[in-house]
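Examination of the molecular architecture
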Amino acid sequence: MANTYCAAVRTGIDEWNKHYHDTEYGYPLTGDDELFERLILEINQAGLSWLTILKKRESFKKAYDNFSLERVAAYDDEARARLLADAGIIRNRLKVNAAIENARRILALRAEHGSFAKWLEAHHSNDLAAWSKLFKKTFVFTGGEIVREFLVSTGYLEGAHDQDCPAFKKVAKHRPRWMMKNPR
């Protein structure tokens, strides 16, 4: 069936998720702040719907200084208290602490590997189990489902779209050669 959507879209998802599906989900991200944003959004989605996160996304951007790694890594107790009082985001202490700590850890990876993206690229051949183990060792608040969704949504793992979905071909055009399972 040519030009059919993934099952989730065919069953009538809301416009927020449809737009995300069509324009972002599975598209490769290589900018460190963009990758950090997706990681933080995925962490905050735990236990909630993705729709909730999409609706709060602009508030997250504002609250977390447009996901600037340097700025978030420098947050102190005053900034943490500000975040915990911000009704526009998810006010969960563990998730707020994870954002700050993971920003610091990503900066350490950047110092060692040149960028978060290059660190991810260095491990691109991992399967999900290896990725999950690596993330658990490297970051905080990154369980298996968070890791899977982060990697699929940013193009580091395949599976974002059914092969007959129009977004599948669009995503494939944007994938660097090294991201493909069988690049030849």
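Residues numbered from 1 in each chain as written. Predicted model: local features only at pLDDT ≥ 70, side-chain atom pairs only at ≥ 80, totals over all residues. Heavy atoms only, no water.

The relative placement of two aromatic rings is captured by the distance of their centres and the angle of their planes. For the coordinates displayed, the defined rule picks out 14 aromatic pairs. Between the aromatic rings of Y64 and Y75, the centroid separation amounts to 6.4 Å while the plane-to-plane angle is 25°, which identifies the pairing as stacked. Here the residue Y64 occupies a position in the loop between α4 (50–63) and α5 (69–73), and Y75 occupies one in the loop between α5 and α6 (77–84), the gap between them amounting to eleven residues. Exposure class is identical for Y64 and Y75. Each is buried. Residues W119 and F139 carry aromatic rings whose centres are separated by 5.7 Å and whose planes lie at 90° to one another, so their mutual orientation is edge-to-face. (Phe/Tyr/Trp six-rings, centres within 6.5 Å; stacked < 30°, edge-to-face > 60°. Helix = DSSP H or I, 4+ residues; strand = E, 2+ residues; numbered from the N terminus. Buried < 20%, exposed > 50% of the residue type's maximum accessible area, 1.4 Å probe, protein only.)

Once that is clear, we can look at helix α10 (residues 144–153). Within α10, seven of the ten residues are buried, which leaves the element mostly enclosed by the surrounding structure. Of the surrounding elements, those touching the buried residues of α10 are α2 (15–23), α3 (32–45), α8 (116–122) and α9 (128–138). Within two residues after α10, G155 carries a phi angle of roughly 90°, on the positive side. (Contact = heavy atoms within 4.5 Å.)

Using the criterion set out here, one finds twelve salt bridges in the structure. In this structure, R57 and E24 form a salt bridge, with 2.8 Å as the shortest nitrogen-oxygen distance. Linking R57 in helix α4 with E24 in the loop between α2 and α3, this pair joins segments that are 33 residues apart in sequence. On the accessibility criterion, R57 (13% relative accessible area) is buried. Bridged by salt links that share partners, the residues E24, E37, R38 and R57 form one connected network. (Salt bridge = Lys/Arg side-chain N within 4 Å of Asp/Glu carboxyl O.)

With respect to the element layout, Y20 can be found in helix α2. Those residues in contact with Y20 that lie beyond four places of it in its chain are Y25, R38, E42, W50, L54, R57 and S153.

Ranked by internal contacts, the top residues of the largest apolar core, which has 49 residues, are Y64, F116, L120, F135 and L151. Those elements that place two or more of their residues in this core are α3, α4, α5, α6, α7 (93–113), α8, α9 and α10. By residue number, the principal contributor to this core is α7, which donates seven residues. Excluding residues that lie within four positions of it along the chain, F135 makes contacts with L39, W119, L120, T142, V147, F150 and L151. (Core = buried A, V, L, I, M, F, W, Y, C linked by side-chain atoms within 4.5 Å.)

Let's shift gears to α3. The first and last C-alpha atoms of α3 sit 20 Å apart over 14 residues, in line with the 20 Å expected at 1.5 Å per residue. Listed as buried for α3 are D32, L35, F36, E37, R38, L39, I40, L41, E42, I43 and N44. One or two residues past the end of α3 sits G47, with phi positive at roughly 85°. (Expected span 1.5 Å × (residues − 1).)

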